[in-house]
Amino acid sequence: MTDYFILLEEPRRPWLEPESLKEKFLARSATVHPDRAHHLGEAERAAAQERYTELNAAYNCLREPRDRLHHLLQLELGALPKDVQRIPSELMDLSLEIGKACRDTDAFLAEKARATSPLLQVAFFQRGDEFTDRLQQLRQRVNSLTDHLTGELRQIDAAWQSGAAPRNDLLKRLEELYRLFGYFARWTAQIQERTVRLSF
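Owing to the predicted nature of the structure, the values given are computational and were not obtained by experimental measurement.

**Focus: the overall build of the protein**
Along its length, the protein carries seven helices and zero strands. Element order for the protein, N to C, with α for helix and β for strand: α-α-α-α-α-α-α. With the principal axes as the frame, the protein shows a C-alpha extent of 65 × 50 × 25 Å. A total of 200 residues make up the protein; the buried ones form 37% of that total. Here the analysis covers contacts within the protein between residues at least 6 apart in sequence; of these, 71% occur between residues at least 24 apart. Between the mean site of the 29 positive side-chain charges and the mean site of the 31 negative ones, the protein shows a separation of 3 Å.

**Concerning the pattern of salt bridges**
In the structure shown here, the tally under the stated rule is 18 salt bridges. A salt bridge links R12 to D3; the shortest N-O distance between them is 2.7 Å. The exposure class of D3 is buried, given its relative accessible area of 11%. R13 is the partner of D157 in a salt bridge, and the nearest nitrogen-oxygen pair spans 2.6 Å. In this pair, D157 sits in helix α6 (residues 118-162) while R13 sits in the loop between α1 (4-7) and α2 (18-32), placing the two residues 144 residues apart along the sequence. Taken as a pair, D157 and R13 share a single burial class, namely buried. Residues joined by salt bridges that share partners form a network here, namely D3, R12, E76 and R167.

**Re the packing of helix α3 (residues 42-63) against helix α4 (residues 65-77)**
At their nearest, the axes of α3 and α4 sit 5 Å apart, and the two run at 105 degrees to each other. Taken together, the axes of α3 and α4 lie roughly perpendicular to each other. Residues N60, C61, L62 and R63 of α3 form the contact with α4, whose participating residues are P65, D67, R68 and H71. Split into classes, the residues belonging to the contact of α3 with α4 amount to three nonpolar, two polar and three charged.

**A few points about the nonpolar core**
In this structure, L8, L62, I98, L174, L177, F184 and W187 are the most contacted members of the largest nonpolar core, which totals 50 residues. Of all elements in the fold, only α1, α2, α3, α4, α5 (89-114), α6 and α7 (167-198) reach the threshold of two or more residues within this core. The element that contributes the greatest number of residues to this core is α7, accounting for twelve residues. In this structure, L62 is in contact with Y4, F5, L8, L16, L21, R68 and H71, ignoring residues within four places of it in sequence.

**Describing the environment of Y178**
Counting through the fold element by element, Y178 comes out in helix α7. Along the backbone, Y178 and P81 are 97 residues apart, and their C-alpha atoms lie at a distance of 8.4 Å.

**Structural notes on the packing of α2 against α3**
The N-to-C vectors of α2 and α3 enclose an angle of 175 degrees; their axes lie 9 Å apart at closest approach. By the angle between their directions, the pair α2 and α3 is classed as roughly antiparallel. Judged by residue contacts, L21, K22, F25, R28, S29 and V32 of α2 engage A48, R51, Y52, L55, N56, Y59, L62 and R63 from α3. Split into classes, the residues belonging to the contact of α2 with α3 amount to eight nonpolar, two polar and four charged.

The rules behind these values
- Here the residue index of a chain counts from 1 through its sequence in written order.
- Thresholds applied to this predicted model are a pLDDT of at least 70 for local features of residues and 80 or more for the giving and counting of side-chain atom pairs; totals over whole chains, interfaces and linings are not thresholded and use all residues.
- Only heavy atoms go into the side-chain values, all of them from the structure, while hydrogens and water stay out.
- A helix here means a DSSP run of H or I that spans at least four residues, while a strand means a run of E at least two residues long, and both kinds are numbered starting from the N terminus.
- Whether a residue is buried, partly exposed or exposed follows from its accessible area with a 1.4 Å probe, protein chains only, as a fraction of its type maximum: under 20%, in between, or over 50%, in that order.
- Contacts are assigned to residue pairs that have any heavy atoms within 4.5 Å of one another.
- In this tally Asp and Glu are treated as negative and Lys and Arg as positive; neither His nor the chain ends contributes.
- Lysine's charge is taken at NZ, arginine's at CZ, aspartate's at CG and glutamate's at CD.
- We count a salt bridge whenever a side-chain nitrogen from Lys or Arg sits within 4 Å of a carboxyl oxygen from Asp or Glu.
- All axes are obtained by fitting lines to C-alpha atoms, using only the stretch in contact for helices, and the reported angles, taken between N-to-C directions, cover 0 to 180 degrees.
- Angles below 35 degrees are treated as roughly parallel, those above 145 as roughly antiparallel, those between 65 and 115 as roughly perpendicular, and all remaining angles as oblique.
- Amino acids outside the nonpolar list (Ala, Val, Leu, Ile, Met, Phe, Trp, Tyr, Cys, Pro) and the charged list (Asp, Glu, Lys, Arg) are all regarded as polar, and Gly is one of them.
- We define the nonpolar core as a collection of buried residues of types Ala, Val, Leu, Ile, Met, Phe, Trp, Tyr and Cys that are connected through side-chain atoms lying within 4.5 Å of one another.

Put into structure tokens, the structure is as follows:
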């Protein structure tokens, strides 16, 4: 398994500064970009393409907190982190609320698709704004939770670097954060999908 931290010359840790990571990726990828190898033989061009593809994969993995944690946990534990599907009790109400909002939006969109009268379409347009507002409020709540999680990830990173806490305890909490980032990403995608469909 390729260690993406090594590939981008980053320390193996839970938090990476996005701008610094981007700068390193751009600098490294510029040196191996396939356009620089167009005058070389087929094998060298293929190797350049492979290196560039691997750098892209490393950057895309390490720039997203959930993907970075997945990779870090896999490297540290020697196995994939478990994707437990049980939503924490403190998030159950929000999960149910998002699920209901998505179902209500889907029903509204199906009803709107059946409307042929211009008069009805105007009414649906106005009702659509209400659904959009409801989804945006939910998205703001998820964004707030994600921001809070990112703050905790930075705190864990400080303890990780300083050795202030046992590594096993940190890994256990990082695995929990990995799952939480997954829930939040899934909810954000569900809300975004409905918001886009409402805009048409």
